[in-house]
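Tertiary structure, described
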Amino acid sequence: MGIGSAEKHLEISQPPDSVFIQARRALEGIGKIKEMDEDALFLRGSTRYGLQKVRLKVFIKADGEGSRLTIKALADDVWGKGARKGCERLLEALGYGGQ
């Protein structure tokens with residue numbers, strides 16, 4: 001991870017297709033979707049933290065019986081607070097806040 005970036009991983013006991021639909025709705029709810037690939041289970045979009053634009057990438061992979069969700073965020077501040085808050089906002093929108 002670079003300066004101004006953050007990454008979160010989450011194990012979810014649901015199939016990847018279902019997690020993708022939830023992630024798409026959550027990202028639409030907190031910001032904008034710029035790119036979406038249902039076959040690759042990938043989303044790219046953005047949200048805001050104060051005046052900052054936070055760029056988000058969401059990757060979903062099958063993991064045993066469930067799924068593994070990875071969120072990568074990038075913001076303009078060197079401390080990465082905007083990126084961390086962007087990840088937290090998306091997790092809260094998904095219903096997994098505080099994890």
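Read on for an overview of the structure. Predicted, not measured: the structure shown is a model, and the values here were computed from it. (Residues numbered from 1 in each chain as written. Predicted model: local features only at pLDDT ≥ 70, side-chain atom pairs only at ≥ 80, totals over all residues. Heavy atoms only, no water.)

Some words on the environment of Arg 25
Put simply, the test is: A run of DSSP states H or I qualifies as a helix once it reaches four residues; a run of E qualifies as a strand once it reaches two. Both are numbered from the N-terminal end. Only protein chains enter the area calculation, which uses a 1.4 Å probe; residues under 20% of their type maximum are buried, those over 50% are exposed, and those in between are partly exposed.
Among the secondary structure elements, Arg 25 is positioned in helix α1 (residues 16-30). The exposed category is assigned to Arg 25, whose relative accessible area is 56%. Placed 32 residues apart in sequence, Arg 25 and Lys 57 show a C-alpha to C-alpha distance of 14 Å.

So, the packing of α1 against helix α2 (residues 81-94)
As a reminder, the rule being used: A fitted line through C-alpha atoms represents every axis, and for helices the fit uses only the stretch in contact; the resulting angles, taken between N-to-C directions, go from 0 to 180 degrees. Roughly parallel here means an angle under 35 degrees, roughly antiparallel means over 145, roughly perpendicular means 65 to 115, and every remaining angle is called oblique. Crossing handedness is read from the near helix: turned anticlockwise from the far helix by less than a right angle, it gives a left-handed crossing, and turned clockwise, a right-handed one. Whether two residues are in contact is decided by their heavy atoms, any of which lying within 4.5 Å being enough.
Running from N to C, α1 and α2 point in directions that differ by 120 degrees, and their axes come no closer than 9 Å. On the basis of their axis angle, the class for α1 and α2 is oblique. Seen from above, α1 lies across α2 with right-handed handedness. Contact residues: Gln 22, Ala 23, Ala 26, Leu 27 and Ile 30 in α1; Arg 89, Leu 90, Ala 93 and Leu 94 in α2.

What about the pairing of strand β2 (residues 31-37)?
Rules: Any two strands with at least two DSSP-identified bridges between them are counted as paired.
By the bridge criterion, six bridges tie β2 to strand β3 (residues 42-49) in an arrangement that is antiparallel. Across the sheet, Asp 37 pairs through a bridge with Phe 42, a residue of β3. Taken together, β2 and the strand that follows it, β3, pair antiparallel across an intervening segment of four residues, in which Leu 41 is found at a positive phi of about 55 degrees.

Some details on the nonpolar core
Put simply, the rule reads: Residues belong to one nonpolar core when they are buried, are Ala, Val, Leu, Ile, Met, Phe, Trp, Tyr or Cys, and are joined through side-chain atoms within 4.5 Å.
One finds Leu 56, Ile 60, Leu 69 and Leu 90 to be the most contacted residues of the largest nonpolar core, which totals 25 residues. Take this core: its biggest share by element is six residues, from α1. With residues near it in sequence (within four places) discarded, Ile 60 still touches Pro 16, Val 19, Phe 20, Ala 23, Ala 40, Leu 41, Ser 67, Arg 68 and Leu 69.

A word on the pattern of salt bridges
Put simply, the test is: By salt bridge we mean one thing: a side-chain nitrogen of Lys or Arg within 4 Å of a carboxyl oxygen of Asp or Glu.
Per the stated rule, a full pass over the model turns up four salt bridges. Residue Arg 68 pairs with Glu 11 through a salt bridge whose shortest N-O separation is 2.4 Å. Here Glu 11 lies in strand β1 (residues 5-12) and Arg 68 lies in strand β5 (residues 66-74), a separation of 57 residues in the sequence. A relative accessible area of 31% means that Arg 68 is categorised as partly exposed. Where Asp 76 meets Arg 55, a salt bridge forms, and the shortest distance between an N and an O atom there is 4.0 Å. Taken as a pair, Asp 76 in the loop between β5 and α2 and Arg 55 in strand β4 (residues 52-63) lie far apart in primary sequence, 21 residues in all. Residue classification places Asp 76 among the exposed residues on the basis of a relative accessible area of 59%.

Comments concerning unusual backbone geometry
The backbone of Leu 41 sits at a positive phi, close to 55 degrees, despite the residue not being glycine. Its place among the elements puts Leu 41 in the loop between β2 and β3.

Examining a nonpolar patch on the surface
In plain terms, the rule: Two distance rules govern patches: like charges are joined within 9 Å, and nonpolar side chains (Val, Leu, Ile, Met, Phe, Trp, Tyr) within 5 Å, applied only to residues with over 30% relative accessible area and no salt bridge. Residue burial considers only the protein chains on display, and all accessible areas are found by Shrake-Rupley using a 1.4 Å probe.
On the surface, Ile 3, Val 78 and Trp 79 cluster together to form a nonpolar patch covering roughly 410 Å² of accessible area. In this structure, Ile 3 sits in the segment before β1. For Ile 3, a relative accessible area of 65% gives the class exposed.

Take it as geometry only, folks, not as evidence of what the structure does.
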